[in-house]
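As a plain string of letters, each chain reads:
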Amino acid sequence: MSAVLSALKKSKDEIAVWRREMHQHPETAFEEFWTSDYIAARLDEWGVAYERGWAKTGIVATLHGKNGAAKNKEKTVMLRADMDALDITEQTGLPYASKHQGKMHGCGHDGHSAMLLGAVQYLSRHPEIFDGTVHFVFQPAEEGEGGGRVMVEEGFFEKYPVKAVFGMHNWPGMSKGTMGVCAGAMTAAADRFSIKITGKGGHAAMPHLNIDVVTAASSLVMSLQTLISRAVDPMQGAVISVTQLRTEGSESFNVMPEFASLGGTVRTFSPETRDMIETRIREMAEATAAAYHCSAEFSYRRGYPSVVNTEAETELAAEAAAKTVGEENVDTKFVPTMGAEDFAYFLEQCPGAYIALGQADENKKAALHSPHYDFNDEAAPIGVSYWVHLVETALPVS
Ligand SMILES: [Zn+2]
Ligand SMILES: [Zn+2]
């Protein structure tokens, strides 16, 4: 076990206190006021400089190493944690369960914020172990509302130029004491589409006098799946799921409705596949509708892009993870997930790596976003230790 990890195991109870307090006060997108105050209060206790107000509730704390502030961005890195919760009614029955009805830290962002606080605390006491500057980002609104995008649009990288950005997420599918990372895509881009098909309604017993939207929509649902099998590189993987399908214009069993609408989600890993699928869904919707003498209106809304880790920073992350949990416990061929993550917006602007922290053990088995989920406090020292080793590795003392 690394010396850093042994030292941090002694801080485990303190980190768990912060984590559980945040767990009791879950707040959703851009409303993380209590959480933001709580984090700022810890930073004040330790005399750490920070700036508030990024994307409303976000905080950027800054520490310098043994030689003071970095002279340029080559000696500067950013570490990021998210701090928002979800609209879920907690079912854990834990003594520190959510006090906010209908809201819950069901994705472990309470743990992420507590681990980043742990890293700030440790590094503020040990500036001698790194040479350069570290910006610690406590980011709001990861769950669907794109707090990361807002921070980038507000000029994060202009205010805080950095050579690399690093993120971490707890992973219930991996055992506590393991970590996983890979170069390239770690998560998928998540987009949504909707299609409205217009035909001509009328008596269901006289289809020849009408234009049937149900047939056209049904055909389109089936055809869309051929894009995955015929248009996407088989080695890439992608998902199109039609999740909404309804007719409009009549509720009667003997009336052919005038309109049908369908909608769903698209998950892709590369920008090229993403562009291609958007174009091909549009073409297929218009052509299929036309084949049935209908017309189609198409709209496509882009959500989070794919988290794409860069090679050199992935190696740094894997090295820091190996120092923490041992090389044999680091999966450097992590299988990308179809889930999405707004750390992608930082990675679109800057090299970096996002890593998975194993969280599962006998007591913690629930999946992310489950009402039974709880972050594993036993994994927190490992996560903090990873952050510390990462800073040592990325900003070595010469
Ligand atoms: Zn989540
Ligand atoms: Zn999450």
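All values derive from a computational prediction rather than experimental measurement.

Side note on the domain arrangement of the chain
Here is step 1 of the chain: For the chain, the assigned domains are domain 1 (3–186 + 305–394) and domain 2 (189–302).
Here is step 2 of the chain: Each of domain 1 and domain 2 has a C-alpha centre, and the two are 39 Å apart.
Here is step 3 of the chain: Counting residues at the interface gives eight residues for domain 1, matched by nine residues for domain 2.
Here is step 4 of the chain: Counting each side, the surface lost to burial between domain 1 and domain 2 is near 660 Å², with a carbon and sulfur contribution of 69%.
Here is step 5 of the chain: Sorting the residues of domain 1 by area buried against domain 2 places Pro305, Ser306 and Met338 first, and these three jointly supply 66% of that buried surface.
Here is step 6 of the chain: At the junction of domain 1 and domain 2, the tally comes to zero salt bridges.

Notes on the coordination of the zinc ion (ligand 1)
Here is step 1 of the chain: All of the protein donors around the zinc ion (ligand 1) are Cys107 (SG), Glu143 (OE), Glu143 (OE) and His369 (NE2); their distances to the metal are 2.0 to 2.7 Å.
Here is step 2 of the chain: Mapped onto the sequence, the donors of the zinc ion (ligand 1) take the spacing C-x35-E-x225-H.
Here is step 3 of the chain: For the pair the zinc ion (ligand 1) and the zinc ion (ligand 2), the metal-to-metal distance amounts to 3.2 Å, and Cys107 bridges them. Taken together, the residues span a long stretch of sequence, with Glu143 in the loop between β4 (133–139) and α5 (147–153) and His369 in the loop between β16 (352–360) and α11 (380–394) at a distance of 226 residues.
Here is step 4 of the chain: With relative accessibility at 39%, the residue His369 sits in the partly exposed group.

As for the pattern of salt bridges
Here is step 1 of the chain: Taken as a whole and judged by the stated rule, the model has 20 salt bridges.
Here is step 2 of the chain: Residue Arg19 pairs with Asp374 through a salt bridge whose shortest N-O separation is 2.9 Å. Of the two residues, Arg19 is situated in helix α2 (residues 12–24) and Asp374 in the loop between β16 and α11; the sequence distance between them amounts to 355 residues.
Here is step 3 of the chain: Under the relative-accessibility criterion, Asp374 is labelled buried at 5%.
Here is step 4 of the chain: A salt bridge links Asp87 to Lys103, with the shortest nitrogen-to-oxygen separation between them at 3.1 Å. Remark: Lys103 occurs in the loop between β3 (76–82) and α4 (109–125) and Asp87 occurs in the loop between β3 and α4; sequence separation between them is 16 residues.
Here is step 5 of the chain: Take Asp87: its relative accessible area is 59%, and that puts it in the exposed class.
Here is step 6 of the chain: Within this structure, Arg19, Arg20, Asp110, Lys364, Asp374 and Asp377 form a network of salt bridges that share partners.

Rules behind the numbers
Residue numbering note: each chain is counted from 1, following its sequence as written. A letter from A marks each chain and a number from 1 marks each ligand, given out in the order of writing. Per-residue local features are limited, in this predicted model, to residues with pLDDT of at least 70; the limit for side-chain atom pairs, both in listing and counting, is 80 or more; totals at the level of whole chains, interfaces and linings are taken over all residues. Computation of side-chain values: all heavy atoms of the structure, hydrogens and water removed. As used throughout, domain bounds are those supplied by an automatic or database domain assignment. Only heavy atoms enter the contact rule, under which two residues are in contact if any of them lie within 4.5 Å. Accessible area that two parts lose when put together, evaluated with a 1.4 Å probe and summed over both, is termed the buried area. Definition used for salt bridges: Asp or Glu carboxyl oxygen within 4 Å of a side-chain nitrogen of Lys or Arg. Coordinating donors are taken as N, O and S atoms within 2.8 Å of the metal, stretched to 3.2 Å for Na, K and Ca; because water is absent from the atoms, sites can appear incomplete. Runs of E in the DSSP output that reach at least two residues are strands. Runs of H or I that reach at least four are helices, and both are numbered from the N terminus. Remark: exposure states derive from per-residue accessible area (1.4 Å probe, protein chains only) relative to the maximum for the residue type, with buried under 20%, exposed over 50%, and partly exposed in between.

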